[in-house]
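# Structural characterization, general
Residues per chain are reported as follows:
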Amino acid sequence: MHSFYLNDPRLDPIAEKVVAGERLSREDGIALFESRDLTGIGQMADLARRRISGDRVYFMVNRHINPTNICRNRCKFCAFARDADEEGAYEMTLDAIVEAAREGADDGAYEIHIVSGLHPEWSYEFYVDMVRAVREAVPRHVIVQAFTAVEIEHMAKIAEKTTLEVLQELKDAGLDALPGGGAEIFSERTRAAAWEKKTTSGVWLRIHGEAHSLGIKTNCTMLYGHIETFEERVDHLIQLREQQDTTGGFLAFIPLAFHPVNTELADLPGTTGFDDLKTLAIGRLMLDNIPHVKAFWIMVGLKVAQLSTVFGVDDIDGTVVEEKITHMAGATTPEALAKDDLIGMIRESGSVPVERDTLYRVVEVFGSEESPPAWDAGEVPSRFAGAEGTR
Ligand code: V47
């Protein structure tokens, strides 16, 4: 029997559903965002997390590469993008990209994470060559996780192909997984106001569904803390949940905390630790069919990332190395962490650190587990169908 110490009576019926393992509704999601009972929400999310991952909190050794910041979309929340002739614009050569990937693999990375601007002059062949060259430069155990759905849509346009054809060709060249960026908030109101040139929600979700149909696992994100409402956040989460019910290939949900510095939305205050923890916890509670919830420490900071592991989060991402997108928007976190720092953060909060690859295959368990994850105990709820193959 689970009991929670709740201060907000609106959470009582939600707690009953969480204990019974029932799906939460749109109204429940809104009540959670409106509630100030952070510890109550955290306790419920912690139960939901423990049911999936037991004592584990995952981390990884990875390497981010952002090959160019030259971008034709120019979203208002982005401090990273530049026009080609603007100060600070850069583009890496294929050799430099491959060298960075090789360096990452030599440093023990299990993932090369590649995300770029939409360069107006790069050809489709360049993207395919990039994947092939990186794939050939690193050992097979290193997962190539590259290109958001926004970049996939861009490639399809310049190549005059369908997004499904592009995904198949990238897969043939060595692409293993897609990162979850570019989703922002699936509301036409926010898109029209702040990222009108960017991929629509329908296309973003379709591309992820297509990737899943080809056996390419993906992540999903939500950019929060800017001009969106709580209702829009909940609708976003429900659309991700419905997509997962249909195609089942999302591995992790990563809420991305908006950083305003150097953006066109610089008047906005940025997120608070309170909102960060609540959003991570509500993500765990609403997305009952997505196996993992990740706190990207680069965005929420080391201390919130650590605390989040008792608020529903079972993954704190990785060593990263050379993150540009958030740092150009004012992040004050380090650009990289050592593996031992991540292990220490997880241990200190009472969980068992588990090094993983992109597909959540275990590299090493650092300690002994009292309660194994549901997968190992054979207690995988049927709504996770599609994700268990990655174990
Ligand atoms: O697509 C851009 C967001 C994303 C800002 O899949 C911003 O494992 C906050 O998607 N403030 C890129 N966010 C990062 C991303 C990601 C990160 C870590 C892991 C994974 C994964 C994916 O960052 C962009 C956009 O949604 N972003 N500007 C900003 N000022």
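In the block above lies the structure referred to throughout.
In this report, we go over the structure that sits alongside the text. Here the residue numbers are simple positions, counted from 1 along each chain's written sequence. Note on the predicted model: pLDDT of at least 70 is required for a residue's local features to be given, and 80 or more for side-chain atom pairs to be given and counted; whole-chain, interface and lining totals, by contrast, use all residues. Side-chain figures throughout are based on the complete set of non-hydrogen atoms in the structure, without hydrogens or water.

### Some points on the overall build of the protein
For the protein, the helix and strand inventory stands at 15 helices and 11 strands. Over its C-alpha atoms, taken along the principal directions, the protein stretches across nearly 60 × 45 × 40 Å. Residue exposure (1.4 Å probe, protein chains only): buried if accessible area is under 20% of the type maximum, exposed if over 50%, otherwise partly exposed. Each of the 391 residues in the protein was classed as buried or not, and the buried ones make up 61%. By definition, residues are in contact when any of their heavy atoms lie within 4.5 Å. In the protein, once contacts between residues fewer than 6 apart in sequence are set aside, the share between residues at least 24 apart is 75%. Surface exposure of the protein reaches about 15,000 Å², of which carbon and sulfur atoms provide 50%. Only DSSP runs of H or I with at least four residues qualify as helices, and only runs of E with at least two residues qualify as strands; both kinds are numbered from the N terminus onward. Using a 1.4 Å probe, the Shrake-Rupley method yields the accessible areas, and only the shown protein chains count as cover for residues.

### Considering the packing of helix H6 (residues 149–159) against helix H7 (residues 163–173)
Note on geometry: axes are lines fitted to C-alpha atoms, helical ones only across the stretch in contact, with angles between N-to-C directions running from 0 to 180 degrees. One way to put it is that H6 packs onto H7 with a least axis distance of 9 Å and a crossing angle of 105°. Judged on the interaxial angle alone, H7 and H6 are roughly perpendicular. Packed against H6, whose contacting residues are Ile152, Glu153, Met155 and Ala156, the element H7 presents Thr163, Val166, Leu167 and Leu170 at the interface. In terms of residue class, the contact of H6 with H7 is made up of six nonpolar, one polar and one charged. Should an angle lie under 35 degrees it is considered roughly parallel, over 145 roughly antiparallel, and from 65 to 115 roughly perpendicular; all remaining angles are considered oblique. When residues are grouped by polarity, Ala, Val, Leu, Ile, Met, Phe, Trp, Tyr, Cys and Pro land in nonpolar, Asp, Glu, Lys and Arg in charged, and all others, Gly among them, in polar.

### Section: the packing of helix H5 (residues 124–137) against H7
The N-to-C vectors of H5 and H7 enclose an angle of 30°; their axes lie 8 Å apart at closest approach. The angle between H5 and H7 places the two elements in the roughly parallel class. Judged by the sense of rotation from one axis to the other, the crossing of H5 with H7 is right-handed. Every residue of H7 that contacts H5 at Tyr124, Tyr127, Val128, Val131, Arg132 and Arg135 is listed here: Glu165, Val166, Glu169, Leu170 and Ala173. Along the lines of polarity and charge, the residues of the contact of H5 with H7 split into seven nonpolar, no polar and four charged. It is the rotation of the near helix from the far one that decides the hand of a crossing: anticlockwise by less than a right angle makes it left-handed, clockwise makes it right-handed.

### Points about the pairing of strand E2 (residues 62–65)
Neither face of E2 is left uncovered, since the one carrying Asn62 and His64 and the one carrying Arg63 and Ile65 both have all their residues buried. Each pair of strands is called paired provided DSSP finds at least two bridges between the two strands. Across four bridges, E2 lies against strand E3 (residues 111–114) in parallel orientation. By the bridge assignment, asparagine 62 is partnered in E3 with glutamate 111. Handedness of a crossover: with both strands directed away from the viewer, a clockwise path from the first strand across the helix to the second marks it as right-handed. Viewed along the sheet, the connection from E2 through helix H4 (residues 94–106) into E3 turns out right-handed.

### Notes on the site of the ligand
Any residue with a non-hydrogen atom lying within 4 Å of a molecule or strand is treated as near it. Taken together, 21 residues lie near the ligand, and Phe77, Gly180, Glu184, His259 and Lys294 sit nearest. Residues adjacent in sequence count toward polar contacts only when both atoms are side-chain atoms; beyond that, a polar contact is any pair of N or O atoms within 3.5 Å, and within protein one must be able to donate a hydrogen and the other to accept it. In this structure, glutamate 184 approaches the ligand through a side-chain N or O atom, which is 2.6 Å from an oxygen atom. Between the ligand and asparagine 219, the relevant distance is 3.0 Å, taken from an oxygen atom to a side-chain nitrogen or oxygen of the residue. Put simply, the parts of the chain that give the shell around the ligand at least two residues each are strand E6 (217–224) and strand E7 (250–257). In terms of residues, the shell around the ligand owes the most to one element, E7, which gives three residues. A breakdown of the residues in the shell around the ligand according to their chemical character gives 11 nonpolar, seven polar and three charged.

### Overview of the side chain of aspartate 275
Topologically, aspartate 275 is positioned in helix H11 (residues 273–286). Overall, aspartate 275 belongs to the buried group, its relative accessible area being 14%. The contacts of aspartate 275, once residues within four sequence positions are left out, are Tyr224 and Arg233.

### A look at the pattern of salt bridges
Any Lys or Arg side-chain nitrogen found within 4 Å of a carboxyl oxygen on Asp or Glu counts as a salt bridge. Here the structure, examined in full by the defined rule, presents 30 salt bridges. Among the salt bridges present, the one from arginine 50 reaches aspartate 55, with a minimum N-O distance of 3.4 Å. Accessibility expressed as a relative area gives 35% for arginine 50, which makes it partly exposed. Here arginine 233 ties to aspartate 275 by a salt bridge, and the two come within 3.0 Å at their closest N and O atoms. With arginine 233 in helix H10 (residues 230–247) and aspartate 275 in helix H11, the pair connects residues that are 42 residues apart, well separated along the chain. Residues joined in a network through salt bridges with shared partners are Asp46, Arg49, Arg50 and Asp55.

### Structural notes on the sheet that holds strand E11 (residues 362–365)
Sheet architecture is open: four strands sit in the order E9-E1-E10-E11, paired in mixed fashion. Each edge of the open sheet is held by one strand with a lone partner, namely strand E9 (315–318) and E11. The sheet shows a mean angle of 25° between the axes of neighbouring strands, direction not considered. Here four bridges tie strand E1 (residues 56–60) to strand E10 (residues 352–356), and the two strands are oriented parallel to one another.

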